[in-house]
Amino acid sequence: MYKKTIHDFITFLKDCPTAFHTVKRISEILEEQGYKRLWESSRWEVQPEGKYYIIRNDSSLIAFHTGPVPGRWNFQIAASHSDSPTFKIKECPELEVRGKYIQLNTEGYGGMLCSTWFDRPLSVAGRLIVKEGEHFVSRIVKVDRDLLLIPSVAIHMNRNANEGFAYNKQIDLLPLFGGQTAEKGAFLKQIAEAAGVAAEEIRGSDLYLYSRQEPALWGAEEEFISAQRLDDLQCVYGTLQGFLQGRPNDSVHVFACFDSEEVGSRTRQGADSAFLSDILRRFHGCLGGTQESFFQALSESFLVSADNAHAVHPNHPEKSDPKNCVYMNEGIVIKSHAGQKYISDGVSIALFSELCKKAGAPVQFFANRSDMAGGSTLGNLAISKIPLYGVDIGLPQLAMHSVCETAGVKDTDDLIRVMKAFYSSRFRETKGKIALC
């Protein structure tokens with residue numbers, strides 16, 4: 001089963017070079033499954049057993065599947081993120097070098113491993129804002145050919161290159177776009193052509209670099225997958241499939257995919273905004289709920305924050321905690337942190353571990369070394385806006401934030417199975433007694 005899953009996931013990966021493409025592809029999948037788009041600017045008409053989704057900024061999405069009978073619903077929520085570290089193209093992109101080269105002016109988005117971006121074919125994808133009459137509309141664009149490259153400095157010109165080097169993003173990491181024959185404004189023209197619009201119609205853009213390297217299965221038994229954006233599209237895909245396969249019950253099933261996680265989530269579409277809390281309140285009200293019933297619903301709701309985790313590195317096992325460490329192809333990772341960078345606690349760990357056991361999926365536990373600062377994710381930001389029980393999970397991978405990350409081929413299938421079980425369960429809390437049943 002996992003072999004079919006990984007090939008389906010590869011197709012999804014190839015369709016999603018940016019957060020905009022990810023949300024577009026998710027919306028297409030939801031539409032195929034009978035979900036209806038709601039607009040925040042319009043009046044909502046929602047019904048029991050309804051399927052709905054909302055998009056904000058073209059890059060974040062929240063989907064709902066309501067239970068069959070109105071009543072004391074709770075929310076079963078899974079959240080992941082659509083963005084990954086890359087380079088964003090600035091508004092005035094073309095830089096001339098001695099009249100011989102044209103570079104693109106970029107800046108870093110998120111904390112990438114800079115060295116991995118050199119000497120590989122790159123291209124551009126993202127969103128254009130186009131004026132049509134009196135209106136501005138979005139156009140998702142992807143230049144589907146090798147377009148750019150960031151060349152290394154030869155070892156002969158930088159003899160210390162293999163002894164450690166501090167990369168300057170304004171100097172060392174600008175991509176080469178063209179030679180002396182390239183016309184001024186050629187970049188915008190090529191982007192416009194790819195989007196099927198006239199260059200003069202473009203009024204704004206959110207464009208990013210992406211790697212042209214195809215996802216690859218490799219290893220002694222093809223047990224590994226390497227690709228860009230495994231963090232966090234592996235969790236996006238797994239939670240989405242579990243959401244679609246879950247069995248309807250007297251819960252509101254919620255799937256959330258947030259943008260901006262790699263830059264702190266503090267945008268109107270990020271997990272640190274009011275997006276989730278506002279949508280939950282509005283949706284609950286449209287189903288006839290009151291403020292009192294909303295707070296009751298929250299007390300029996302559960303959030304799974306899904307974002308990939310660091311596998312033990314074969315060359316540097318000392319970088320991992322001696323016991324709370326994880327390996328690829330060995331199951332779901334439950335993450336915890338004393339400083340609450342992860343939201344898992346004793347209650348949620350017990351509940352989610354039991355859920356994994358029922359789903360027949362192996363479980364691993366992750367914590368950072370006590371003398372190393374780890375990363376953070378979206379779970380603690382989301383529950384700071386709306387109080388929920390919750391757990392932070394992920395799938396193990398190597399080379400996180402590289403332009404070519406590596407994960408296990410079996411783990412995506414385990415995540416789908418667990419999330420299907422999660423969306424077929426209901427969280428209950430009654431006077432201190434808690435269960436996922």
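Everything below is about the structure printed above this text.
Residues numbered from 1 in each chain as written. Predicted model: local features only at pLDDT ≥ 70, side-chain atom pairs only at ≥ 80, totals over all residues. Heavy atoms only, no water.

Draft legend 1. Looking closely at the pairing of strand S13 (residues 252-258). Within S13, 7 of the 7 residues are buried, which leaves the element mostly enclosed by the surrounding structure. Neither face of S13 is left uncovered, since the one carrying Val 252, Val 254, Ala 256 and Phe 258 and the one carrying His 253, Phe 255 and Cys 257 both have all their residues buried. In this structure, strand S3 (residues 60-65) lies alongside S13, joined through 5 bridges in antiparallel fashion. Directly across from Ile 62, in S13, lies its bridge partner Ala 256. Pairing of strand S4 (residues 75-81) with S13 involves 7 bridges; the strand directions are parallel. Directly across from Ala 79, in S13, lies its bridge partner Ala 256. (Buried < 20%, exposed > 50% of the residue type's maximum accessible area, 1.4 Å probe, protein only. Helix = DSSP H or I, 4+ residues; strand = E, 2+ residues; numbered from the N terminus. Pairing = 2+ DSSP bridges.)

Draft legend 2. Seen up close, the layout of surface pockets. Size it by volume and the largest pocket reaches roughly 630 Å³. Lining the largest pocket we find 32 residues, and of these His 310, Ala 311, Phe 366, Asn 368 and Met 400 sit closest to its centre. Those elements that place two or more of their residues in the lining of the largest pocket are strand S15 (309-310) and strand S19 (396-398). Its residues placed into classes, the lining of the largest pocket shows 11 nonpolar, 13 polar and 8 charged. Considered as a void within the structure, the second largest pocket measures approximately 470 Å³ in volume. Around the second largest pocket, the lining comprises 18 residues; the ones closest to its centre are Phe 118, Pro 151, Ser 152, Val 153 and Asp 172. Broken down by class, the residue content of the lining of the second largest pocket amounts to 12 nonpolar, 4 polar and 2 charged. (1 Å grid on protein atoms, 1.4 Å probe; cavity = no way out; pocket = protein on both sides within 12 Å on 5 of 7 lines; lining within 4 Å. Points joined across faces, edges and corners; volume = space filled by probe spheres on them. Nonpolar A, V, L, I, M, F, W, Y, C, P; charged D, E, K, R; others polar.)

Draft legend 3. Broad picture of the state of the cysteines. This model, assessed by the stated rule, comprises 0 disulfides. The thiol of Cys 114 is unpaired, and the distance to the nearest cysteine sulfur, on Cys 404, comes to 16 Å. Residue classification places Cys 114 among the buried positions, given a relative accessible area of 12%. (Disulfide = S-S within 2.5 Å.)

Draft legend 4. Local environment of the side chain of Gln 397. Among the structural elements, Gln 397 can be located in strand S19. In this structure, Gln 397 is in contact with Leu 230, Asp 231, Asn 308, Ala 309, His 310, Ala 311, Met 328, Glu 405, Thr 406 and Ala 407, ignoring residues within four places of it in sequence. (Contact = heavy atoms within 4.5 Å.)

Draft legend 5. Spotlight on helix H4 (residues 230-245). Its 16 residues give H4 an end-to-end C-alpha distance of 22 Å, which sits within 8% of 22 Å, the value for a rise of 1.5 Å per residue. With 14 of 16 residues buried, H4 lies mostly within the body of the structure. (Expected span 1.5 Å × (residues − 1).)

Worth remembering: the numbers are spatial, not functional.
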